[in-house]
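# Notes for the structure review
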Amino acid sequence: MYGEIWKWAGTFRTSEKNLGIKSCLNTFELKKLLDYAIFWKENNTYDFEE
């Protein structure tokens, strides 16, 4: 769909940008996000549509 536009898709960022977290924190923040999602699912925090 996007061809060669986003070659970087699916890889962790290795350089600093003006938005988001520091690149060295990528794996830690991803783990935290997934832990939140597991909690939300197990505790029916949100409706299915959300």
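Residues numbered from 1 in each chain as written. Predicted model: local features only at pLDDT ≥ 70, side-chain atom pairs only at ≥ 80, totals over all residues. Heavy atoms only, no water.

Another aspect to go through is the pattern of salt bridges. Side-chain pairs of opposite charge can arise whenever the charged atoms involved come near each other. With the rule as written, the count across this model stands at two salt bridges. Here K32 ties to E29 by a salt bridge, and the two come within 3.3 Å at their closest N and O atoms. Residue K32 and its partner E29 are both found in helix 1 (residues 26-42); the two are separated by three residues, about one turn of the helix. Overall, the relative accessible area of 38% leaves K32 in the partly exposed class. Using a relative accessible area of 29% as the deciding quantity, one classes E29 as partly exposed. Here K31 and D35 are joined by a salt bridge, their closest N and O atoms 2.8 Å apart. With a gap of four residues between them, K31 and D35 both fall in helix 1, about one helical turn apart. We classify K31 as partly exposed; its relative accessible area is 49%. On the accessibility criterion, D35 (37% relative accessible area) is partly exposed. (Salt bridge = Lys/Arg side-chain N within 4 Å of Asp/Glu carboxyl O. Helix = DSSP H or I, 4+ residues; strand = E, 2+ residues; numbered from the N terminus. Buried < 20%, exposed > 50% of the residue type's maximum accessible area, 1.4 Å probe, protein only.)

With that settled, consider helix 1. For helix 1, with 17 residues, the first-to-last C-alpha span of 24 Å sits near the 24 Å given by 1.5 Å per residue. Phi for N44, located one or two positions after helix 1, is positive at around 50°. (Expected span 1.5 Å × (residues − 1).)

What follows concerns unusual backbone geometry. Leave glycine aside and you will find that most residues have negative phi; peptide bonds, for their part, are mostly trans. Here N44, not a glycine, exhibits a phi torsion of approximately 50°, which is positive. Along the chain, N44 falls in the segment after helix 1.

Scanning the entire structure with this criterion turns up two aromatic pairs. Both rings, one in Y36 and one in W40, keep their centres 5.9 Å apart while their planes meet at 10°; by these two values the pair is stacked. Here the residue Y36 and the residue W40 both occupy positions in helix 1, the gap between them amounting to four residues, near one helical turn. Aromatic pair W40 and Y46: ring centres 5.4 Å apart, planes at 85°, arrangement edge-to-face. (Phe/Tyr/Trp six-rings, centres within 6.5 Å; stacked < 30°, edge-to-face > 60°.)

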